[in-house]
Amino acid sequence: QVQLVESGGGLVQAGGSLRLSCVASERIAMGWFRQAPGKEREFVAHISYVGSYTAYADSVKGRFTISRDDAKNTVYLQMNSLKPEDTAVYYCAARETGSLSYNYWGQGTQVTVSS
């Protein structure tokens, strides 16, 4: 069982930045998802086990960057040029090698972007 703990959410004005962190209990491929009120959870970004591959939703490309520090078993989501439509609960997720879906989820952290 992999444990995930997110942090770094908060309130920021449009155009501002936030960095989310997710500490995992072991090294594993990880991603970020988000869920806005009344909407389904959506994919935001993914980083591979070794960090050589990343993927982003079109809505965040060029604004968000996912990275990892394996010495700390931590994955980051740097969010720049934030927009009100980025407001959501952001979830960290982990995917075991060979799995087609994410197996583990964090508790979520709220990001609110004011206009």
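Residues numbered from 1 in each chain as written. Predicted model: local features only at pLDDT ≥ 70, side-chain atom pairs only at ≥ 80, totals over all residues. Heavy atoms only, no water.

Undergrad: How would you summarise the sheet that holds strand β3 (residues 18-24) if you had to cite specific residues and measurements?
TA: Read from one edge to the other, the open sheet built from four strands follows the order β1-β3-β8-β7, with strand pairing classed as antiparallel. Only two strands of the sheet have a single neighbouring strand rather than two, namely β1 (4-7) and β7 (64-69). For this sheet the average axis-to-axis angle between neighbouring strands, irrespective of direction, equals 15°. Direction of pairing for β1 relative to β3: antiparallel, over a ladder of four bridges. Residue pairing in the sheet places E6 in a bridge with C22 of β3. (Pairing = 2+ DSSP bridges. Helix = DSSP H or I, 4+ residues; strand = E, 2+ residues; numbered from the N terminus. Axes fitted to C-alpha atoms, helices over the stretch in contact; angles between N-to-C directions.)

Undergrad: Give me the lowdown on the layout of surface pockets, citing residues and values where you can.
TA: Think of a ball as big as a water molecule: rolled over the atoms, this probe shows where empty space is left. The volume enclosed by the largest pocket comes to roughly 150 Å³. If you go around the largest pocket, the residues you meet are E26, R27, I28, A29, H46, S48, Y49, R95, E96, T97, G98 and S99. Among the residues making up the lining of the largest pocket, the classes are represented as three nonpolar, five polar and four charged. (1 Å grid on protein atoms, 1.4 Å probe; cavity = no way out; pocket = protein on both sides within 12 Å on 5 of 7 lines; lining within 4 Å. Points joined across faces, edges and corners; volume = space filled by probe spheres on them. Nonpolar A, V, L, I, M, F, W, Y, C, P; charged D, E, K, R; others polar.)

Undergrad: So what's going on with the environment of P84? Residues and values would help.
TA: Inspection of the secondary structure assignment puts P84 in the loop between β8 (74-79) and β9 (88-95). Among the residues examined, P84 registers a relative accessible area of 34% and is labelled partly exposed. For P84 and Y49, which are 35 residues apart along the polypeptide, the C-alpha to C-alpha distance reads 31 Å. Those residues in contact with P84 that lie beyond four places of it in its chain are A14, V113 and S115. (Buried < 20%, exposed > 50% of the residue type's maximum accessible area, 1.4 Å probe, protein only. Contact = heavy atoms within 4.5 Å.)

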